[in-house]
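Results of the structural survey
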Amino acid sequence: MTDSLILRTAARLLLVLLLVLSVFVLLRGHNEPGGGFIGGLVAVSASILWAVAHGSAAGRSRLPLGDPLRLAALGVLLAAMSGIPALLLGEAYLTHLWATLPLLVTELKVSTVLIFDLGVYLCVWGALAGYALAL
């Protein structure tokens, strides 16, 4: 492995930019192309970039929860739990629900679809980052 000051310095900025972009793609996915899967892939690319610049152990330590398996498991749990509110209301499992939260000057539309997408995002990030970091 080569020790590149330029790569390590650029990785700091690019890590933040890629993670912000991944969250943007995650949140945008309900109305346009994107969502949890593509956002997770962008987050994986940030983790791989950090691992190339700083080593596999440093890449693993930058993951949320510090462990790719835990991250993937949390994602599967969130995605599975996103169907429970519908069951509680007598609907079919994974029938998604929407609500509007009033804020001071606007309203925020929320849904169980976002919880499902967040679960996919975390699962993809954890599973693929774990695979890439093992290589």
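Not measured: the values here are computed from a predicted model.

**Notes on the overall build of the protein chain**
Secondary structure assignment for the protein chain yields six helices and two strands. Helices (α) and strands (β) of the protein chain occur, in sequence order from the N terminus, as α-α-α-α-α-β-β-α. Put simply, the protein chain has 135 residues, and 33% of those count as buried. When the 7 positive and 6 negative side-chain charges of the protein chain are each reduced to one mean point, those points stand 13 Å apart.

**Notes on the packing of aromatic side chains**
Two numbers describe a pair of aromatic rings. These are the distance of the centres and the angle of the planes. Evaluated as defined, the whole model comprises one aromatic pair. Relative to Trp125, the ring of Tyr121 lies with its centre 5.8 Å away and its plane at 65°, an arrangement referred to as edge-to-face. Note that Tyr121 and Trp125 are positioned in helix H6 (residues 112–134) at a spacing of four residues, about one turn of the helix. By the burial criterion, Tyr121 is buried, and Trp125 matches it. A cation sits over an aromatic face here: Arg62 above Trp50, 4.2 Å from the ring centre.

**Thoughts on unusual backbone geometry**
The phi dihedral of Leu65 is positive, around 70°, even though this residue is not glycine. Of note in the backbone geometry, Leu94 takes a positive phi value of approximately 70° without being a glycine.

**What about helix H1 (residues 5–28)?**
Taking 1.5 Å per residue, 24 residues should reach 34 Å; H1 reaches 35 Å between its end C-alpha atoms and fits that length. Largest kink in H1: about 30°, centred on Ala11. Buried residues of H1: Ala11, Leu15, Ser22, Val25 and Leu26, and no others. On its buried face, H1 is in contact with helix H2 (36–54) and H6.

**Observations regarding the packing of helix H4 (residues 68–81) against H6**
It is the contact of H4 with H6, at a shortest axis distance of 7 Å, that shows an interaxial angle of 160°. As the angle between them shows, H4 and H6 are arranged roughly antiparallel. Seen from above, H4 lies across H6 with left-handed handedness. Between H4 and H6, the residues in contact are Pro68, Leu71, Ala72, Leu74, Gly75, Val76, Leu78 and Ala79 and Ile115, Phe116, Leu118, Gly119, Val120, Leu122, Cys123, Trp125, Gly126, Ala127 and Gly130, respectively. The class makeup of the residues in the contact of H4 with H6 is 15 nonpolar, four polar and no charged.

**Things to note about the nonpolar core**
Generally speaking, nonpolar side chains in soluble globular proteins are found buried as a group. Counting twelve residues, the largest nonpolar core is built from Leu26, Ala43, Val44, Ala51, Leu63, Leu71, Leu78, Tyr121, Leu122, Trp125, Ala129 and Leu133. With five residues, H6 is the largest single contributor of residues to this core. If near-sequence neighbours (up to four positions away) are discounted, Ala43 is found in contact with Leu19, Ser22, Tyr121 and Trp125.

**Considerations on H2**
The terminal C-alpha atoms of H2, which comprises 19 residues, lie 27 Å apart, in line with the 27 Å expected from a rise of 1.5 Å per residue. When H2 is considered as a whole, its buried residues turn out to be Gly36, Gly39, Gly40, Val42, Ala43, Val44, Ala46, Ser47, Leu49, Trp50, Ala51 and Ala53. Looking at the packing, one finds that the buried side of H2 touches H1, helix H3 (56–61) and H6. In the stretch just after H2, Gly55 is the one whose phi turns positive, near 105°.

Scoring rules and cut-offs
Per chain, residue numbering runs from 1 following the sequence as it is written. Local features in this predicted model are restricted to residues whose pLDDT is 70 or higher, and side-chain atom pairs enter the listing and the counts only when it is 80 or higher, whereas totals over whole chains, interfaces and linings include all residues. Think of the side-chain values as coming from all heavy atoms in the structure, minus any hydrogens and water. What counts as a helix is a DSSP run of H or I of at least four residues, what counts as a strand is a run of E of at least two, and both are numbered from the N terminus. We call a residue buried when its accessible area falls under 20% of the maximum for its residue type, exposed when it is over 50%, and partly exposed in between, using a 1.4 Å probe and counting protein chains only. When charges are counted, neither His nor the chain ends are considered; positive counts come from Lys and Arg and negative counts from Asp and Glu. Each charge is placed at NZ for Lys, CZ for Arg, CG for Asp and CD for Glu. Pairing of aromatic side chains requires ring centres within 6.5 Å, counting the rings of Phe and Tyr and the six-membered ring of Trp. Pairs whose planes differ by under 30 degrees are stacked, by over 60 edge-to-face, and all others tilted. Two conditions define a charge located above a ring, namely a distance within 6 Å from the ring centre to NZ of Lys or CZ of Arg, and an angle within 35 degrees of the ring normal. Multiply 1.5 Å by the residue count of a helix minus one, and that product is the helix's expected span. In this scheme, the bend at a residue equals the angle between the axes fitted to the seven residues that finish there and the seven that begin there. Contact between two residues is taken to exist if any of their heavy atoms lie within 4.5 Å; hydrogens are not considered. Geometry is summarised by axes, namely lines fitted to C-alpha atoms with helices restricted to the contacting stretch, and by angles between N-to-C directions that run from 0 to 180 degrees. Angular relationships are summarised with four words: roughly parallel below 35 degrees, roughly antiparallel beyond 145, roughly perpendicular across 65 to 115, and oblique for the angles in between. Each crossing gets its handedness from the near helix: less than a right angle anticlockwise from the far helix is left-handed, clockwise is right-handed. Polarity classes work like this: nonpolar for Ala, Val, Leu, Ile, Met, Phe, Trp, Tyr, Cys and Pro, charged for Asp, Glu, Lys and Arg, and polar for all others, with Gly in that last group. Each nonpolar core is a collection of buried residues, namely Ala, Val, Leu, Ile, Met, Phe, Trp, Tyr and Cys, held together in the definition by side-chain atoms within 4.5 Å.

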